[in-house]
Amino acid sequence: MSAKNKILITACLVGLGCFIPSAAKADTVTFIGAGPNSANGVYTTPYQLQVSSINGGATINVVCDDYTDEVHGGEAPWTASLETVANISGALFAGQTNAQMEYEEAAYLYNDFLMNPTAANSAADNFAIWDLFDSAVGTNAVAGEQTALNNANIWYTAGASGLNFSQFIIITPTNWSNDPNRPQEYIYYQPTPEPGTLMMFGSGLIGLGGLLRRKLMSKA
């Protein structure tokens, strides 16, 4: 394969990688902060992270699904695995009974908040997510939590339709075992690009490829 063809193929692969959600890979995560929503003395979604392979490391909003562990501003970045709700094998709570159902219901609850991002929904949906994975949180910790849980269960029982679970990325701290300083686990929603967006991007890559080819030929 010629050098110019290698360059073109590499450019295409790198470009497409910007649009395809990563799964089952390691990344560096930096906790930026949380707020403005809170309830019962703790912050509720959104939390802010920077993940090296998501949006070029830009700050993203996520939901926390791990009530027990803690994070704080200024702490050192940590390593995390990235998987989707469609494949939870490496997720923090994957070993729990009904874990797949719990993560799918967590995706439903997070989507509910994203559709109506009020402070009340932030508290109800986030505490409902925490209760899915840790029953000690309690199903009536905040107003609306039990209703949110009931709605998620009804949705799941009816077939868990309407969501693409590959769009919900689980960000799980790795190599922490039972360390009491382990960071929390988070879920990020990353929509899949529309076909038109991918087509426009592909056209741009083709144009870039032609430009690179002309430059390479002019130098030959």
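Scoring rules and cut-offs
Residues numbered from 1 in each chain as written. Predicted model: local features only at pLDDT ≥ 70, side-chain atom pairs only at ≥ 80, totals over all residues. Heavy atoms only, no water. 1 Å grid on protein atoms, 1.4 Å probe; cavity = no way out; pocket = protein on both sides within 12 Å on 5 of 7 lines; lining within 4 Å. Points joined across faces, edges and corners; volume = space filled by probe spheres on them. Nonpolar A, V, L, I, M, F, W, Y, C, P; charged D, E, K, R; others polar. Helix = DSSP H or I, 4+ residues; strand = E, 2+ residues; numbered from the N terminus. Contact = heavy atoms within 4.5 Å. Phe/Tyr/Trp six-rings, centres within 6.5 Å; stacked < 30°, edge-to-face > 60°. Buried < 20%, exposed > 50% of the residue type's maximum accessible area, 1.4 Å probe, protein only. Core = buried A, V, L, I, M, F, W, Y, C linked by side-chain atoms within 4.5 Å. Salt bridge = Lys/Arg side-chain N within 4 Å of Asp/Glu carboxyl O. Expected span 1.5 Å × (residues − 1). Axes fitted to C-alpha atoms, helices over the stretch in contact; angles between N-to-C directions. Parallel < 35°, antiparallel > 145°, perpendicular 65-115°, else oblique.

Visitor: Residues and numbers for the layout of surface pockets, please.
Guide: In this model, the largest pocket occupies a volume close to 230 Å³. Taken together, 13 residues make up the lining of the largest pocket; nearest its centre are Val42, Tyr43, Tyr47, Val71 and Gln184. Counted by class, the lining of the largest pocket contains eight nonpolar, two polar and three charged residues.

Visitor: Which residues make up the side chain of aspartate 125, and what are the values?
Guide: One can find aspartate 125 in helix 3 (residues 119-133). Setting aside residues no more than four positions away along its own chain, aspartate 125 makes contact with Leu109, Asp112, Phe113 and Ala148.

Visitor: Run through the packing of aromatic side chains, naming residues and quoting values.
Guide: Under the counting rule described, the total for this entry stands at nine aromatic pairs. Centroid distance tyrosine 67 to tryptophan 130: 5.1 Å. Interplanar angle 65°. Geometry classified as edge-to-face. Of this pair, tyrosine 67 sits in the loop between strand 5 (59-64) and strand 6 (78-84) while tryptophan 130 sits in helix 3, placing them 63 residues apart in sequence. Residue class for tyrosine 67 comes out partly exposed when judged on its relative accessible area of 36%. Take tryptophan 130: its relative accessible area is 2%, and that puts it in the buried class. Between the aromatic rings of tryptophan 155 and phenylalanine 165, the centroid separation amounts to 6.2 Å while the plane-to-plane angle is 75°, which identifies the pairing as edge-to-face. Of this pair, tryptophan 155 sits in helix 4 (residues 145-157) while phenylalanine 165 sits in the loop between helix 4 and strand 7 (168-173), and the two are 10 residues apart along the sequence. The same class applies to tryptophan 155 as to phenylalanine 165, namely buried. Each residue in the set Tyr67, Phe127 and Trp130 is aromatic and connected to the rest through ring pairs, giving one cluster.

Visitor: Talk me through the nonpolar core; I want residue IDs and the actual numbers.
Guide: In this structure, Tyr103, Leu109, Ile129, Phe133, Phe165 and Phe168 are the most contacted members of the largest nonpolar core, which totals 26 residues. Listed by contribution, the elements that provide at least two residues to this core are helix 2 (99-115), helix 3, helix 4 and strand 7. In terms of residues, this core owes the most to one element, helix 2, which gives seven residues. Setting aside its immediate chain neighbours within four residues, tyrosine 103 contacts Asp65, Val85, Ile88, Ala91, Leu92, Phe93, Ala94, Phe133, Ile170, Glu185 and Ile187. Core analysis: the next-biggest nonpolar cluster, separate from the first, contains 23 residues, Leu49, Ile60, Cys64 and Tyr188 among them.

Visitor: Explain the pattern of salt bridges to me, using residue names and the numbers behind them.
Guide: The final tally for this structure, using the stated rule, is one salt bridge. Here aspartate 69 and arginine 182 are joined by a salt bridge, their closest N and O atoms 3.0 Å apart. Pair noted here: aspartate 69 is in the loop between strand 5 and strand 6 and arginine 182 is in the loop between strand 7 and strand 8 (186-189), with a separation of 113 residues, a long-range link.

Visitor: How would you summarise helix 2 if you had to cite specific residues and measurements?
Guide: Its 17 residues place the ends of helix 2 24 Å apart at the C-alpha level, agreeing with the 24 Å of an ideal helix rising 1.5 Å per residue. Turning to helix 2, its buried residues are Ala99, Glu102, Tyr103, Glu104, Glu105, Ala106, Ala107, Leu109, Tyr110, Asn111 and Phe113. Taken together, the buried residues of helix 2 touch strand 5, helix 3, helix 4, strand 7 and strand 8.

Visitor: Tell me about the packing of helix 2 against helix 3, and name the residues and values.
Guide: Interaxial distance between helix 2 and helix 3 falls to 9 Å at its minimum, and their mutual angle equals 175°. Taken as axis vectors, helix 2 and helix 3 run roughly antiparallel relative to one another. The segment helix 2 lies against helix 3, with Glu102, Tyr103, Glu105, Ala106, Leu109, Tyr110, Asp112 and Phe113 engaging Asn121, Ser122, Asp125, Ala128, Ile129, Leu132 and Phe133. Looking at the contact of helix 2 with helix 3, its residues break down into nine nonpolar, two polar and four charged.

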